[in-house]
Amino acid sequence: MSIRAGSAEDVAFRRIEGRLPVERVLKTAGSFCKVDRDEIMRRQRATLVRGLAARWLCIYSGLTQREVAKVLGLRTGAAISAQLRVLNARLASDEALSERVKIAEDRLNRHMR
């Protein structure tokens, strides 16, 4: 049995209600890291802002990793997966950063309602 890219299975488990606009999520990530949108869009490896933008676009805008890759100017969802792995490792090793991210995510959650 083959699985078609872009099929209904890609979105089956995503939340439907209360999505935030992509631009709002990008603005929040930029504000959190004190950078402008151009810095978010600049291709760099293992940057905090791109990892956060990727994470938050998946969670709060309801995008797939493949869709996030297009928004951030990357070629594949695998590149987003790599960004998320680096971010998760960084959050696991930096308690202060993890706490700041949790606070920012609480704010984003309030905007979802």
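Residues numbered from 1 in each chain as written. Predicted model: local features only at pLDDT ≥ 70, side-chain atom pairs only at ≥ 80, totals over all residues. Heavy atoms only, no water.

Description of the overall build of the protein chain
Phase 1 of the analysis: Assigned secondary structure in the protein chain consists of 6 helices and 0 strands.
Phase 2 of the analysis: Secondary structure elements of the protein chain, listed N to C terminal, follow the sequence α-α-α-α-α-α.
Phase 3 of the analysis: Counting all 113 residues of the protein chain, 36% fall into the buried class.
Phase 4 of the analysis: Put simply, of all contacts in the protein chain between residues at least 6 apart along the chain, 64% involve residues at least 24 apart.
Phase 5 of the analysis: Only carbon and sulfur atoms are counted for the fraction: they give 52% of the accessible area of the protein chain, which is about 7,400 Å². (Helix = DSSP H or I, 4+ residues; strand = E, 2+ residues; numbered from the N terminus. Buried < 20%, exposed > 50% of the residue type's maximum accessible area, 1.4 Å probe, protein only. Contact = heavy atoms within 4.5 Å. Areas by Shrake-Rupley, 256 points an atom, 1.4 Å probe, with all protein chains shown as cover.)

Points about the packing of aromatic side chains
Phase 1 of the analysis: Within this structure, the stated rule accounts for 1 aromatic pair.
Phase 2 of the analysis: Considering the side-chain rings of F32 and W56, the 5.9 Å spacing of their centres and the 85° angle between planes classify their relative orientation as edge-to-face. Here the residue F32 occupies a position in helix α1 (residues 22–33), and W56 occupies one in helix α3 (residues 48–60), the gap between them amounting to 24 residues.
Phase 3 of the analysis: Of the residues examined, W56 reaches a relative accessible area of 0% and is grouped as buried.
Phase 4 of the analysis: Residue placement shows R100 over the ring face of F32; its charged tip is 4.4 Å from the ring centre. (Phe/Tyr/Trp six-rings, centres within 6.5 Å; stacked < 30°, edge-to-face > 60°. Lys NZ or Arg CZ within 6 Å of the ring centre and 35° of its normal.)

Side note on α3
Phase 1 of the analysis: Helix length check: α3, at 13 residues, gives a terminal C-alpha distance of 17 Å against a target of 18 Å (1.5 Å per residue), a fit within 8%.
Phase 2 of the analysis: Burial analysis of α3 places 11 of its 13 residues in the buried class, the great majority of the element.
Phase 3 of the analysis: By the burial criterion, the buried members of α3 are L48, V49, R50, G51, L52, A53, A54, W56, L57, C58 and Y60.
Phase 4 of the analysis: Against α1, α2 (37–41), α4 (65–71), α5 (77–93) and α6 (95–112) lie the buried residues of α3.
Phase 5 of the analysis: Just past α3, the residue G62 takes up positive phi, approximately 75°. (Expected span 1.5 Å × (residues − 1).)

Remarks on the packing of α1 against α3
Phase 1 of the analysis: Interhelical geometry of α1 versus α3 gives an angle of 145° and a closest axis separation of 9 Å. Crossing angle aside, the handedness with which α1 passes α3 is right-handed. The segment α1 lies against α3, with V22, V25, L26, T28, A29, G30, F32 and C33 engaging L48, V49, L52, A53, W56, L57 and Y60.
Phase 2 of the analysis: Here the contact of α1 with α3 is composed, by residue class, of 13 nonpolar, 2 polar and no charged. (Axes fitted to C-alpha atoms, helices over the stretch in contact; angles between N-to-C directions. Left-handed = near helix turned anticlockwise from the far one by under 90°. Nonpolar A, V, L, I, M, F, W, Y, C, P; charged D, E, K, R; others polar.)

Let's talk about the environment of G51
Phase 1 of the analysis: Examined against the element boundaries, G51 turns out to sit in helix α3.
Phase 2 of the analysis: For G51, a relative accessible area of 0% gives the class buried.
Phase 3 of the analysis: With 33 residues separating them in the primary sequence, G51 and L84 have C-alpha atoms 5.5 Å apart.
Phase 4 of the analysis: If near-sequence neighbours (up to four positions away) are discounted, G51 is found in contact with Q83, L84 and L87.

Considerations on the layout of surface pockets
A probe as big as a water molecule, rolled over the atoms, marks out the empty space that is left.
Phase 1 of the analysis: Within this model, the largest pocket holds a volume of roughly 220 Å³.
Phase 2 of the analysis: Taken together, R24, K27, T28, S31, F32, W56, A104, R107, L108 and H111 make up the full set of residues lining the largest pocket.
Phase 3 of the analysis: At the level of elements, α1 and α6 are the ones that each hand at least two residues to the lining of the largest pocket.
Phase 4 of the analysis: In terms of residue count, the dominant contributor to the lining of the largest pocket is α1 (5 residues).
Phase 5 of the analysis: Across the lining of the largest pocket, the residue classes tally to 4 nonpolar, 3 polar and 3 charged. (1 Å grid on protein atoms, 1.4 Å probe; cavity = no way out; pocket = protein on both sides within 12 Å on 5 of 7 lines; lining within 4 Å. Points joined across faces, edges and corners; volume = space filled by probe spheres on them.)

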